[in-house]
Amino acid sequence: MVIGYHRILTVVVLLQIVISGDVSVEAVRCPDGLFQCNTGSCIPEALRCDGEPNCPFRDDENTCGTIFDYFEPTYQALVNDSSKIGRVVPNLTKQACAEHCLEEADFLCLSFDYDSDTSDCRLSNAEYNVTISQTDANVEHWDIVNFPDCGSALLAETGNLATPRWILDQPDGDCDVTISRAAEDAQITVDFTAVAPTTGSNCSSSFSEVKIYGGLSATPLTPIIGEYCLETLPSSVNTDTNAVLITYREINKPSDVVQGFVGSHSVEYRNTEYLTSSPGVVTSPAWPSAYTPNRQYFYEFDAGATQRVRLNFTAFSLEPDNPGCIHDHDILHIYDGQGPLAPLIGVYCGTDIDQIITSSDRYLHMRFKSDDDVEFPGFRAEYEFLSSPRCSDGRFQCSTGTCIPESLRCDGAPNCRLRDDETSCVTNLLHFEPTYGAKLSDDNDIGRRILNSTAVDCANSCLQQVDFLCLSFDFDNDNSECILSNSVEYPVSISETENNIEHWDINDYQGCGVTFSADKGKLASPRWIQTQADGDCDISISITPPSTDASVRINFDSVLTPIASDDCTNSYSQITIYDGSTSSSPILGQFCLETLPRFVDSNGGDVLITYRETNKPSDVAQGFVGSYRTEYTDSQNYTSAPGAVTSPGWPSDYTPNRIYTYSFDAGENHVVKLNFTSFSLEPDNPGCIHNYDTLTIYDGQGPVAAVLGLYCGGEVDDVIFSTGRYLYMVFQSDDVVHYPGFRAEYGFVSDPRVCQTDEFQCRGNDVTCLPDISRCDGFNECPSLDDEYQCNTNLVFFKPLYNARIRYQSDIDRVLVNTTRQECAEICLTETAFVCYGFNYIPGGPESGRAGGTCTISRASQSPVPYVPDETGLEHWELIVFADCGSVLTDVRGVISSPRWIQSASDGWCELRFSQNTVDAVITLNFQFTLSPDNGGAVPCANSNERLIFRDGLEDTSPVVEAYCFDSLPATVQSPGNELLLEYGEASSPVGGVTGFLARYYVSYFSQTIITEGSGVVTSPNWPDVYPNERIYTWEFTGLEGQTVRLDFTDFFLEDDDDLCTNNWDVLSLYDGPSELSQYIGGYCGQNSPGVVRSSGNSLYMVFKSDSSIAESGFRCLYAFQTMGGDCLSCELQDNSILP
């Protein structure tokens, strides 16, 4: 009946909204004694944290203590011996009764009775399993659970634990417990309820020590996950490991002191799959067999820039649940972005799911969780990456690709996930006060009507009005009509009208000479001050009480200028801003209205603004309206570990309107580890788009480093690592609602990025080291997939399906042993008797079978080859689906084939077109595999029966760039421009035989600079900001005869690679001459700067190439032409530096 209650109450509340005309659901609050669910439903407060979910999204049971995990109930029973009742406490909830039992100091409480009619709590001082008797239905008897002994090894996925006080037959003292699971992807979480004899936020007066080790023994090499006393023991610790040792020590504890903890542990299994190429298929584990219980699986999709993710669910069968999946049995969450902080698209269970789901931008995140009960077959979804369409007229496109109505742009409320619909907006509605359901009462007060407007546009028009002084306006929401008032009366007369009309009056600004002392306020020049005539004006800001960490930001929201100019030559105004309270203070800036910036920041809490009008004609309208806000900044630096950082005042509420910065430096070869034990900020929408109270964490020194995360509400990543020695945090609170804040433990740990000499290092934040033999083995084992990037292996033309095999025995042609995957792919592709569309591979050998495996070739005449699930370890590799002949390829990378491996094509003529929109694009084709009969040593192409013609354009009549046969085909062909036509033809020949090719293509962007004289500076694009991906830039330096070229690199930071830049990610190449055919000087990457370079002759050639992933700040280089003897002809540079 509880569910029925909150549903009926929701209807009543919504009816009240409709009747009152208030459409703001956020304004509704449940009456006293009722708890409000996230959906707006109201339930009795007594149902909060009662162990049973009553809200649709279970939020009545969130952040509840797990106190009842430590007791076992016997309903309709009580202690039958009154002498065993140690204490009776009236007027308690059942949860408070359980807490009283654990915290009882006068005797050992091991059970209690709770009377739900009278709310009486009766604590028992009896031994364990006190004698009970049946009684009325309103009484419940609860016994404390039987905890495991000290020294126990806990192997189950869930269980309880405690210190000796609550362990039967165990004397007070020290206690150790281990928890472990065999699975490597297991992660143990321990929840604690502590009883401490003292209170405080440190351990100086404690009688206890609790340590949690990331292993089963406390050796010097075992990492310590956390070190606490009972007073600082967090409610939950996520260990991120599958083996844990918990040690409890009592330190000089008096015999009459009661202390200890009760706790529980649980295990989660996590596996993450990264999907960055399409099309493809994702499934629940073992699909179509039942998935594994008690697991978590994450699927991270990244479609790349200007692309979106599209999911098509072809099968879906999870454990059934109630609507809303409120019991959280087996469940699939899908998020529209990166990670679980992105907006939630849907929560799915049972057999109900949206068949087609499309992300709004390049990222999509899925989380599949199974419980430890019933399992079902799971799900299968096909995915592909789609080009993000441009928004239609009348719609604004967010930077994520989402389209919103243009009317929502600059309306004061963020609607784009990254708030970019509200950036660069002049929110001048802040300078007006609304009266809803009212309008101007006198038509004579109407100075101008503006059609097809918004409220924001109307406010801008009022402030920019020069024909009359506009102090108010009406806005008609139905007709989008703006009505400006020419009345100088303030406030102007208004009358009640229908709800679609809003009347807005300009703020009542304080006069000149006033000193503002509040934390924020609004200010204006004399034009809009009711009691002030045009002329000079001084405005002072002096924050009270004074604070050494206060600074003031002055925002100039709307500026009315009589002339259009970017200097002050003809201006009638001068504004001077002083960094202090008097005109003798340092000047922050001196401007006219034409050059006034959007904002100015002070260095303290006192500011003086002087506004002067100089020779202004009486009929000229000019001035500004603005606002100011005080910010308080406090900085902390951490260079030693371990330790803990908190928001100010934690666990009490933090201070409003403050900025706190935390800088960490772990030192050489170490990184920073943060473990959040408590996190509670003001709630916000996903993405923290309203920017109320936020914590931003940066991967480096200061706020210019890469952002690791933006957090608000109660959501934070439990453990965060920096990728280098530095980490930086900014905590900002606004001036409204405040919460307890956060606590995080930090440590400096050895840098996990340092791989051994015989290992390959993956790129990305989650750095992984792999054996060198993993490079280009056909398995994407790096999270960033770069172990298979730019690999010269034919496995790139296949995709794997694990735990599957060829369905029909008749499709098997032959079986080969002692082969590698690459060899198996080569055998499949070189098969001439039939077209091989796939193969099975069974790994062998000690290291995942990267050699010595068994290869089974399929002769099936269709792709994909029919398959069925099979035992673990068997792999089924399918030839990917290639573009049809006649296709126009617009992607920036991909693979192509001749007709032999195109399912829908027959041998013969085939055309493929490549097209890019940007004129500086260049298409590169890598012909990785060719199949051609031996020409018997004849002249190249003499007996070949294939021709490849490349045209500079998309038409059959476009100019021919090159023509080849397979005998003469180079490994790489590059287009002259942004369009390329490939024509492939086969003709009969004396040799005959089977022919074909497989190739990869990618698009880069080319820019060329020629420098012939003088001296100066060249930089990578955007320096010192990061350079763009997928680009090629060249510089040709050519001087006069008898000159040489000198380069001096002052800054150099490219993507990391090995010393020889063998991976060819981002690289700068230098040549001693006018082109890439000249003598090669060297290739440079990472932070391995070329330093000073001199040419041997009068020319030098430089090429900078960036790949498709990580980008850094790039380089800066000074250049000069010198005589052969070293004398500089013209060496003084623009930045006044000199080249010797």
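Our subject is the structure listed above.
These notes cover the structure that comes with them. (Residues numbered from 1 in each chain as written. Predicted model: local features only at pLDDT ≥ 70, side-chain atom pairs only at ≥ 80, totals over all residues. Heavy atoms only, no water.)

1. Overview of the overall build of the protein
In step 1: Counting secondary structure elements, the protein contains four helices and 78 strands.
In step 2: Considering only contacts in the protein between residues 6 or more positions apart, those separated by 24 or more positions represent 72%.
In step 3: In the structure as shown, the protein presents an accessible area of about 52900 Å², 47% of it carried by carbon and sulfur atoms. (Helix = DSSP H or I, 4+ residues; strand = E, 2+ residues; numbered from the N terminus. Contact = heavy atoms within 4.5 Å. Areas by Shrake-Rupley, 256 points an atom, 1.4 Å probe, with all protein chains shown as cover.)

2. Quick notes on the sheet that holds strand β41 (residues 587-591)
In step 1: Across the sheet, which stays open at both edges, the five strands sit in the order β36-β38-β43-β40-β41 with mixed pairing between neighbours. The sheet terminates laterally at β36 (515-516) and β41, the two strands that pair on one side only.
In step 2: Here β36 pairs with strand β38 (residues 537-542) via two bridges, running parallel. Bridging across to β38, Thr515 finds its partner in Ser540. (Pairing = 2+ DSSP bridges.)

3. Regarding the pairing of strand β21 (residues 307-317)
In step 1: With ten bridges joining them, β21 and strand β26 (residues 378-387) adopt antiparallel strand pairing. In the sheet register, Leu311 faces β26, and the bridge partner there is Tyr383.
In step 2: As paired strands, β21 and strand β24 (residues 356-358) are joined by three bridges and run antiparallel to one another. Along β24, the bridge assignment pairs Leu311 with Ile357.

4. Topic: the packing of aromatic side chains
In step 1: Tallied over the full model, the rule gives 51 aromatic pairs.
In step 2: Centroid distance Phe927 to Phe950: 6.1 Å. Interplanar angle 80 degrees. Geometry classified as edge-to-face. Of this pair, Phe927 sits in strand β65 (residues 921-931) while Phe950 sits in strand β66 (residues 946-951), and the two are 23 residues apart along the sequence. For the residue pair Phe927 and Phe950, the accessibility class agrees, reading buried in each case.
In step 3: Between Tyr1071 and Tyr1101, the aromatic rings sit 6.3 Å apart at their centres with planes inclined by 55 degrees, giving tilted as the arrangement. Residue Tyr1071 is found in strand β74 (residues 1067-1072), and its partner Tyr1101 is found in strand β77 (residues 1099-1106); the two are separated by 30 residues along the sequence. For the pair Tyr1071 and Tyr1101, a shared accessibility class is recorded, and that class is buried.
In step 4: A cation sits over an aromatic face here: Arg527 above Trp528, 5.8 Å from the ring centre.
In step 5: Across from the ring centre of Trp901, 5.9 Å away, lies the NZ or CZ of Arg900, which sits over that ring. (Phe/Tyr/Trp six-rings, centres within 6.5 Å; stacked < 30°, edge-to-face > 60°. Buried < 20%, exposed > 50% of the residue type's maximum accessible area, 1.4 Å probe, protein only. Lys NZ or Arg CZ within 6 Å of the ring centre and 35° of its normal.)

5. Things to note about the environment of Ser83
In step 1: Within the secondary structure layout, Ser83 lies in the loop between β4 (77-79) and β5 (85-89).
In step 2: Within the structure, the side chain of Ser83 is placed 2.6 Å from the side chain of Asp81, a separation counted as a polar contact. (Polar contact = N/O pair within 3.5 Å; in protein donor to acceptor, adjacent residues only side chain to side chain.)

6. A closer look at the sheet that holds strand β17 (residues 243-250)
In step 1: Spatially, the five strands line up as an open sheet ordered β10-β12-β17-β14-β15, and their pairing is mixed. Each of the sheet's edge strands pairs with one partner strand only, and the pair in question is β10 (153-154) and β15 (224-228).

7. Section: helix α2 (residues 94-103)
In step 1: Within α2, the full set of buried residues consists of Gln95, Ala96, Cys97, Ala98, Cys101 and Leu102.
In step 2: Lining the buried residues of α2 we find β3 (71-75), β6 (111-115), β7 (120-124), β9 (139-144), β13 (186-195) and β18 (260-275).

8. Quick notes on the state of the cysteines
As used here, a disulfide is simply a covalent bond connecting the sulfur atoms of two cysteines.
In step 1: For the structure shown, the criterion picks out eleven disulfides.
In step 2: Between the sulfur atoms of Cys458 and its disulfide partner Cys482 the distance amounts to 1.8 Å. What sets the handedness of the Cys458 and Cys482 disulfide is the S-S torsion sign, and at about 80 degrees it is right-handed. Placement of Cys458 in helix α3 (residues 455-463) and of Cys482 in strand β33 (residues 481-485) is noted, with a sequence separation of 24 residues between them. Judged on exposure class, the residue Cys458 and its partner Cys482 are both buried. (Disulfide = S-S within 2.5 Å.)

9. Description of the nonpolar core
Side chains of a nonpolar character, in soluble globular proteins, are inclined to be buried together.
In step 1: Grouped together as the largest cluster of nonpolar side chains are 49 residues, with contacts concentrated most on Phe839, Ile896, Phe914 and Leu925.
In step 2: Discounting chain neighbours no more than four positions away, the residues touching Phe839 are Leu795, Phe798, Arg821, Cys824, Ala825, Cys828, Thr856, Ile857, Ser858, Glu875, His876 and Trp877.
In step 3: In this structure, Val89, Trp142, Ile144 and Leu161 belong to the second largest nonpolar core, which totals 48 residues. (Core = buried A, V, L, I, M, F, W, Y, C linked by side-chain atoms within 4.5 Å.)

10. Some points on the environment of Arg122
In step 1: As for its placement among the helices and strands, Arg122 is situated in strand β7.
In step 2: Measuring from C-alpha to C-alpha, the distance between Arg122 and Val88 comes to 4.4 Å, with 34 residues separating the pair along the chain.
In step 3: Beyond its immediate stretch of four places on either side in the chain, Arg122 contacts Leu78, Ile85, Arg87, Val88, Ser111, Phe112, Asp113, Asp115 and Val139.

11. With respect to unusual backbone geometry
In step 1: Residue Pro279 is bonded to the preceding Ser278 through a cis peptide linkage, with omega at 0 degrees.
In step 2: Examined against the element boundaries, Pro279 turns out to sit in the loop between β18 and β19 (280-283).
In step 3: In this structure, the amide linkage connecting Ala641 to the following residue, Pro642, adopts the cis form with an omega of 0 degrees.
In step 4: Structurally, the position occupied by Pro642 is in the loop between β44 (623-638) and β45 (643-646).
In step 5: Backbone geometry places Asn615, a non-glycine residue, at a positive phi of 55 degrees.
In step 6: Of note, Asn615 is situated in the loop between β43 (606-613) and β44.

12. Focus: the pattern of salt bridges
In step 1: Counted under the stated rule, the structure contains 23 salt bridges.
In step 2: For Arg951, the salt bridge is made with Glu983, and the minimal N-O distance between the two is 3.1 Å. Of this pair, Arg951 sits in strand β66 while Glu983 sits in strand β69 (residues 979-986), placing them 32 residues apart in sequence. In this pair, the class of Arg951 matches that of Glu983, namely buried.
In step 3: One network of salt bridges, with partners in common, ties together Asp813, Arg814, Glu831 and Arg859. (Salt bridge = Lys/Arg side-chain N within 4 Å of Asp/Glu carboxyl O.)

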